[in-house]
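Coordinate inspection notes
Read off the chains here:
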Protein chains: 2
Amino acid sequence: MTEAEKAGGAPSKWVFTFGDGRADGSVEDKDLLGGKGAYLAEMSRIGLPVPPGFTISSEVCAVYYELGRKLPDELKPMVDAALDAVGQIAGARFGDVDDPLLVSVRSGSRASMPGMMDTVLNLGLNDQTVEGLARRTADRRFAYDTYRRFIQMYADVVLGIDHGLFEEILENYKNLKGFELDPELAADDWAEIVTRYKAVVERELERPFPQDLHEQLWGAIAAVFGSWQNARAIAYRRLHDIPDDWGTAVTIQTMVFGNRGNNSATGVVFTRNPSTGANELYGEFLLNAQGEDVVAGLRTPQPLTEADSGASGNGKQSFEALLPEAFAELKRSCAALEKRFRDIQDIEFTVQEGKLFMLQTRAGKRSTQAALKIAVDMADEGLISREEAVLSLNANQLDQLLHPTLDPKAEMTVLAKGLPASPGAASGELVFAADEAVHLKAQGHTVILARVETSPEDVQGMHAAVGILTTRGGMTEPRRRRRPRMGRPCVVGAAAVHIDPEREILEAAGMQLRKGDIVTIDGSTGKIMKGRVTMREPDLSPDFTTLMGWADGFRRLRIRANADTPDDARQARAFGAEGIGLCRTEHMFFEESRILAMREMILAENSEGRRKALAKLLSSQRQDFIELFEIMAGLPVTIRLLDPPLHEFLPHGEDTIAAVADAMGVSLTHLKRRIAVLSEFNPMLGQRGARLLVSYPEIVEMQARAIFEAAIETGKALHDRVTPEIMVPLVSVKAELDIVKERIAATARAVEKERETSVAFQVGTMVELPRACLMAGEIGRSAEFFSFGTNDLTQTTFGLSRDDAGRFLSEYADKGIIPHDPFVTLDEAVGELMQIAVERGRATHPDLKIGLCGEHGGDPDTVNFCEKIALTYVSCSPYRVPVARLAAAQATLKNAALTDN
Amino acid sequence: MTEAEKAGGAPSKWVFTFGDGRADGSVEDKDLLGGKGAYLAEMSRIGLPVPPGFTISSEVCAVYYELGRKLPDELKPMVDAALDAVGQIAGARFGDVDDPLLVSVRSGSRASMPGMMDTVLNLGLNDQTVEGLARRTADRRFAYDTYRRFIQMYADVVLGIDHGLFEEILENYKNLKGFELDPELAADDWAEIVTRYKAVVERELERPFPQDLHEQLWGAIAAVFGSWQNARAIAYRRLHDIPDDWGTAVTIQTMVFGNRGNNSATGVVFTRNPSTGANELYGEFLLNAQGEDVVAGLRTPQPLTEADSGASGNGKQSFEALLPEAFAELKRSCAALEKRFRDIQDIEFTVQEGKLFMLQTRAGKRSTQAALKIAVDMADEGLISREEAVLSLNANQLDQLLHPTLDPKAEMTVLAKGLPASPGAASGELVFAADEAVHLKAQGHTVILARVETSPEDVQGMHAAVGILTTRGGMTEPRRRRRPRMGRPCVVGAAAVHIDPEREILEAAGMQLRKGDIVTIDGSTGKIMKGRVTMREPDLSPDFTTLMGWADGFRRLRIRANADTPDDARQARAFGAEGIGLCRTEHMFFEESRILAMREMILAENSEGRRKALAKLLSSQRQDFIELFEIMAGLPVTIRLLDPPLHEFLPHGEDTIAAVADAMGVSLTHLKRRIAVLSEFNPMLGQRGARLLVSYPEIVEMQARAIFEAAIETGKALHDRVTPEIMVPLVSVKAELDIVKERIAATARAVEKERETSVAFQVGTMVELPRACLMAGEIGRSAEFFSFGTNDLTQTTFGLSRDDAGRFLSEYADKGIIPHDPFVTLDEAVGELMQIAVERGRATHPDLKIGLCGEHGGDPDTVNFCEKIALTYVSCSPYRVPVARLAAAQATLKNAALTDN
């Protein structure tokens, strides 16, 4: 058995050549050849001017590690044969002392990992071939410059010698000779530098710099494979979820030189403008330079096109003007590449003595705005289909367009980073108390409310503030009662910030901010910044509208919004929501005018007392619903009955309790005892949702009545019947739903009789407990719809309180214990429970309408999962509606593609 | 179509006759014939003297209700035919004016519902046949006495006339005539009474008492079917989970008379003593009386046997002495019945003019003690197999034998009823504070600790008390930290009790008790009583030992105990536990000498500080384990690493906090801030279990070290290797287990090196979260065992905090929303999750050891479920170990029987 066979590798085809209009592989072979190798092969196939070369497949990378970081012997003859083939195309020979072939040795993995792994350029030079190169090019200076570049890079990458030693030598030499810039050095200077470089290598390694060109090549290949496991690359892979076992390929390619005089150049080009998406070449170049010179930043690149040159106004000549033939060829190549790859390309090229060479191409990164324009343009140009246009976008990135955002060029002093809880950015004066926020807003101030945590008393202040910042609270969203969804930027769990509400001081990053100091928060990234940071308003282009229109045409899933207020509802409609999937009613009772009646209800001794107190809330509650029904004009509205435990409506803190007792005319002792009786060890698992509604049916009656009366009134105004969907939260047992449902139906009968008209409505349930998922077959018999509450379902499936998890969830993510925050990306076990619920629910109730209304509704991966398990709709925050619309369209297209195959 | 066919009933065989050594049905036909009819048929079959009769099947009951409470016409000819057949056997004819056949009409359902439904006796008399009866019996007084009995009963049951009217007539007549007792009335007197009775009926109904015997019979049959839906019967069925659709059968049987003179009698007999289980006839009888006379209680029954007669010493003559032939026949019949039914029988009999008739038999109710003796005796007698002996017992009832119990005859003043949380009864002086309990115990007092709720500071006091009573807390067990399992009687959530700890007063049932007043609590029923109530010590008979031995021989499931202390462990072994399935380590840190170091650990600024504090706990923790290992001598011991969140170890309440800050030499502010930082909204779902151990690996190190060092030391002493099982709680993700496991392994390597010896151990995990169940395939790869924590699994599956659920769980049970308390009887959804976990865990780890260590481990239904899903063991509180052993044996036998069929 050969070594490779022992290591489990089959020495089949390991080496793939390309060049001269042909190639062994194609762009389909990214897994084997890496992105670079696959694209080079494809470019060669379609006849673009590619320097010939070959790629050693990523399979060899696995063998290399299995052999304990050793290249298999079988590889050698394959590489030699490939070198010969390449030399024949290039018209030179590796190691030929008269006309040596020089090559680059580069990494290339399936996923782009720019700059993470090693590269060796100009390989193929030793003391003999450098002279041959000098002779053949008739340019000794070029030959020795190239040789010294090679030695430095090889010593660094392959031999592990600190490149600082070489830079020092060059600096010293230039100082000694009085040179400032490299071009001042002549051929002999570079020859002298080469001598000194070789001496350093010999001193450091106690052996001379290798003169055997095959040894050089072998070393370089091994080094590139070895760099797959360098610390940088490992860290990058962790960050981007790239599996360790993919490995890298190694591409060996004939060197071409952009530094062979003023008819040579090196540059980069995007086939379209990556910022705006405009259909124009966009790039820059350096005349008479190698690619590294661009990176080194010593010279300022010149504009590529005449248009750019004119626009920049700095008088630099364009590539188009200087090398018109090469430019024309480049333009043709760009068009050919877009046609082939049907996407914007990011290209590296070199012109050697007037001749254009394409060195690399890959899909171009672009701004979200550009992505939209490119997708729409390419579809209009017939380059791609509308389906492909829709699929080409990253749904998550759309979010960037939908909120005011920080100007990326703005200066900013970041104080700390918390958890991004509600996207968008906002600046305002710091306040530490809710009533202060209300007070200041009334005076026309713009405030950011900073709290250790928020409580029901803070709701008015939260409404008054343009942004909210807390030092406690879980990822993505603080606990239910602590932040009614208000479409305000929100950063929570900023543990590095210390807030002292009594002294009205915020401390972070060694700085102290006081009340009235301006801060900016970015709810999309969790950043907290000192002072005001420049913002950009969202600007939805016609391309956005066009593309969303296409997406809507493909989409199967309906998209609704979670909206509690008229503002939310209007925003939701503006963003294309097809209904309200979740209207939480609890926040409606936190308003100052209402919480008193709510507290009276809670403190009442009996059902009669509760009914009396609730009666005071009826008209305002009805008005809430009338507004929502009017705004949604015929679109479905799902209203969730009261969910939080009653103690959340009672005051906290000695002073507040005393004040409330006073205001309500009850004794302090009585109020305190009631608070104590209602307090819970684990409110998340306490008497809330259906449990509350079963025990306090008066609440159901009041809310159902408000809903029905509002539906009748709005229906008359709209000349259209309003059919509200009433949702019962936290059901774990079918009987809970039945009891509440019967109470709703009884109320409907009463209202129908009083108003002498009929009402239409549906009653469904949140599915947010593991038991509800498992018992969905039973519960489904009584429900007209299900709506997955994935927040609570995640909490109970994990046994994890989102409010308390902030403390260790970030540690868990850091340590790789969990791959994703399960409150952002649906966990697989939670998904399995949902799937069980869908199957069982529809088994007993085949046309059961099933939606999702947790925060996950705005996550594209979750939307895709919802499509797969055939939900009816997803509901998310208004600002995520476009994201969900696009993600749903993509999900339909992707899943149809899966089914078709 | 006939009426019955319209109603869906097939008029197949509806009437089943018995008598004269034959019968249409048998004891197998209880569903159709009801218990009474089936046993009568069987008695007839085996040749016992049964008055002939027939049974109308329970199918007719369904038809009766489907027809709107009407008997189907098809039934009539069947009944007539049966009456003829019965008359031929009895030698009389229904309606024969010379020798009329009299019958009884009784109910009989599949399940025994004694006294719930209606009965009519002596049917077949009218003004003509009564004379025939008088002539044939030559006893006119008997005939008219029987007629008046019939009229009164029929009027009451069938015609709905208040029986008080008839009693009034009899009383008035007796007063008028100066009679005291019924025997003083002569034939003419009874004839006069009959006349007056008939007049009442005619007055009330405005029509005469029916003289048509078939009309009488028809009415009686309908009345018995109708009584299936009377309020009593419905209530009884609710209480005993008897389905409404079972219906009742109706048995019509020839009357025999125990009131035909001094060679006639009526009586009841148990084939064995139902209190002691002794193999002796046990019963009583009345001479010259009808069965109702026994019920009426006018005459004192006489003893059945000579032995009893002698023992009672009241000189009453025994049945054995008075009617020796009938007694001999009865004795033979009893033996025949035990042989046939292989169980103790509860029999009604009548002797008519010297001849014995068996009227009814059924399985006899017996005390737990008697059940044990009967099972063992019958197996020894060869009457039943040992398997049947084991299966004959109610495992739950065993519990009664294992604790000191209230003397059922004791006088008691019940103050209130709470939730039974830990069985057994205890009396003691009331104390309201933990330190007071410790103080008083030191002075030799016996105390009951009464608290609103318990907290970690109370642990010493809980240890000092003989019983614990709280007014808050959930069913079956207060929250984890609030009651370390201490084998003490415990009543929780006694909401009707008001405790004022400051004034040291307990109020309940309008009474006030003060500190030092004696109370008794019964942790098996939840009762709280004033004063001392007489107790009985548990007395385990040799029968118990014999039967448990047989059970152990049949059992497949291993039984372990949840034991945290040496006392628990000793008790567990005494009750036959085969290891410790759950040793919770947290209570070990609540002891006064240790909690200080624990708090130092929590307040430490860094890992170094934590290590230092934990080091102080090492030796005592090691000692804890040495004791356990010694007691368990070679049996497996599963130790759970620290589970509760750290804040549970910190003080609560201003004063305590100040005192602790003082004692620890830290500032009050510092301590308060730390308490605030660690406090959690939902501690149940917070940073506990594996989450804590991942963040604070020093705790794992200290505990693992204590375990390993204890195992080495004990191993040396026992000359046997100790292999502890280390359990990681609250795992939801495999990586959590891996991280803790690696830390345990590293500690093992360190200890091995220091001690120059090897240690053996296993690492497993609690499976107590829905996610852990669903991901069991993955987690199972890393675990050497699983142990279901069904308490937490129930909490998370339902999204229900046991501590907070007390408030509404009882309401839920009352309203029938949940069929059982899911913290007592395993919920079906929780069971499904367990089954998923077993399947997936064993799929990746085929020999995975899987146990259960929640409170459910002592519940026989749960044990049966654990057998079905092939768990390895169940672990329960020490006092439940015998229950679990028996339940496990029954489960094995039952499931084997299922498999065999």
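The name given to chain A in an unreviewed UniProt entry is Pyruvate, phosphate dikinase, and the organism recorded there is Methyloceanibacter superfactus. Word for word, the UniProt comment on chain A under Cofactor (unreviewed entry) is "Mg(2+)". For the record of chain A, the UniProt heading Sequence similarities (unreviewed entry) holds the text "Belongs to the PEP-utilizing enzyme family."

Listed as interface residues are 54 residues of chain A and, on the opposing side, 54 residues of chain B. Summing both sides of the interface, chain A and chain B together bury roughly 4,800 Å²; the carbon and sulfur share of this comes to 54%. Area buried by chain A at its contact with chain B is led by Phe681, Leu685 and Arg807 of chain A, which between them contribute 16% of it. In this assembly, chain A and chain B are joined by 4 salt bridges. For Arg840 of chain B, the salt bridge goes to Glu832 of chain A, with nearest N and O atoms at 2.4 Å. Those elements that provide at least two residues to the side of chain A that touches chain B are helix H25 (668–678), helix H26 (690–695), helix H28 (734–755), helix H29 (770–774), helix H31 (790–798), helix H32 (802–814) and helix H33 (828–844) of chain A. Considering every element that reaches the side of chain A that touches chain B, the biggest residue donor is H32 of chain A, with 6 residues. Class assignment of the residues belonging to the side of chain A that touches chain B gives a composition of 24 nonpolar, 11 polar and 19 charged.

Copy one and copy two of the chain differ by a rotation about an axis and a translation along that axis. Each copy of the sequence occupies a distinct position, and chain A is placed on chain B by a rotation of 179° and an axial shift of 0.2 Å, giving an RMSD of 0.7 Å. Those values place the two copies in the arrangement expected of a two-fold rotation axis. Minimal C-alpha distance to the rotation axis in chain A is attained by Asn682 of chain A, lying at 1.8 Å. The fraction of interface residues of chain A whose copies in chain B are also interface residues reaches 100%, indicating that both copies meet through the same surface.

Residue and element names in this part refer to chain A. The topology assignment puts Ser787 in strand E30 (residues 785–788). For Ser787, a relative accessible area of 0% gives the class buried. When neighbours within four sequence positions are excluded, Ser787 is seen to be in contact with Met727, Thr765, Met766, Val767, Gly851, Leu852, Cys853 and Tyr873.

This part covers the domain arrangement of chain A. All names here are of chain A. When the domains of chain A are assigned, the result is domain 1 (3–254), domain 2 (265–366), domain 3 (404–536), domain 4 (585–765) and domain 5 (768–901). Centre-to-centre separation of domain 1 and domain 2, based on C-alpha positions: 24 Å. With 18 residues of domain 1 at the contact, the number on the domain 2 side is 19 residues. Taken together, the two surfaces of domain 1 and domain 2 that pack against each other cover about 1,600 Å², and 59% of this comes from carbon and sulfur. Taken as a group, Tyr39, Met43 and Pro49 account for 34% of the area that domain 1 buries against domain 2, more than any other trio of residues on that side. In this assembly, domain 1 and domain 2 are joined by 1 salt bridge. Of all the secondary-structure elements, those providing two or more residues to the side of domain 1 that touches domain 2 are helix H2 (30–45) and strand E5 (119–123). The element contributing the most residues to the side of domain 1 that touches domain 2 is H2, with 5 residues. Across the side of domain 1 that touches domain 2, the residue classes break down as 11 nonpolar, 3 polar and 4 charged.

The next point concerns the environment of Leu359 of chain A. Residues and elements named next belong to chain A. Tracing the backbone through its elements, the reader meets Leu359 in strand E11 (residues 355–363). Separated by 323 residues in sequence, Leu359 and Lys36 place their C-alpha atoms 9.1 Å apart. If we skip the residues at most four places from it in the chain, Leu359 touches Leu40, Met43, Pro51, Gln253, Val256, Glu348, Phe349 and Thr350.

Below, the discussion takes up a negative patch on the surface. Residue and element names in this part refer to chain A. Side chains of Asp156, Asp162, Glu167 and Glu168 sit close together on the surface and give a patch of like negative charge. Among the secondary structure elements, Glu168 is positioned in helix H7 (residues 163–177). Look at Glu168 and you get partly exposed, because its relative accessible area is 49%.

Evaluation of the coordinates by the stated rule reveals 33 aromatic pairs over all chains. Residues Phe142 of chain B and Phe257 of chain B carry aromatic rings whose centres are separated by 4.8 Å and whose planes lie at 85° to one another, so their mutual orientation is edge-to-face. Of this pair, Phe142 of chain B sits in helix H6 (residues 140–157) while Phe257 of chain B sits in the loop between strand E6 (248–254) and strand E7 (265–270); the two residues are 115 residues apart in sequence, bridging distant segments of the chain. Pair check on accessibility: Phe142 of chain B and Phe257 of chain B agree, each one buried. Aromatic ring contacts, followed pair by pair, group Phe285, Phe319, Phe327 and Phe349 of chain A into a single cluster. Its guanidinium or amino end placed over the ring of Phe357 of chain A, Lys355 of chain A lies 4.8 Å from that ring's centre, counting from NZ or CZ. It is Lys13 of chain B that lies over the ring of Phe16 of chain B; its NZ or CZ is 5.0 Å from the centre.

Procedures and definitions
- Residues numbered from 1 in each chain as written.
- Chains lettered and ligands numbered in written order.
- Predicted model: local features only at pLDDT ≥ 70, side-chain atom pairs only at ≥ 80, totals over all residues.
- Heavy atoms only, no water.
- UniProt positions renumbered as here; feature names shortened; annotations may be inferred.
- Contact = heavy atoms within 4.5 Å.
- Buried area = accessible area lost by both parts, 1.4 Å probe.
- Salt bridge = Lys/Arg side-chain N within 4 Å of Asp/Glu carboxyl O.
- Helix = DSSP H or I, 4+ residues; strand = E, 2+ residues; numbered from the N terminus.
- Nonpolar A, V, L, I, M, F, W, Y, C, P; charged D, E, K, R; others polar.
- Least-squares fit on C-alpha atoms with pLDDT ≥ 70 in both.
- Buried < 20%, exposed > 50% of the residue type's maximum accessible area, 1.4 Å probe, protein only.
- Domains from an automatic or database assignment.
- Patch = residues over 30% accessible without salt bridge, like charges linked within 9 Å, V, L, I, M, F, W, Y side chains within 5 Å.
- Areas by Shrake-Rupley, 256 points an atom, 1.4 Å probe, with all protein chains shown as cover.
- Lys, Arg positive; Asp, Glu negative; His and termini not counted.
- Charge placed at Lys NZ, Arg CZ, Asp CG, Glu CD.
- Phe/Tyr/Trp six-rings, centres within 6.5 Å; stacked < 30°, edge-to-face > 60°.
- Lys NZ or Arg CZ within 6 Å of the ring centre and 35° of its normal.

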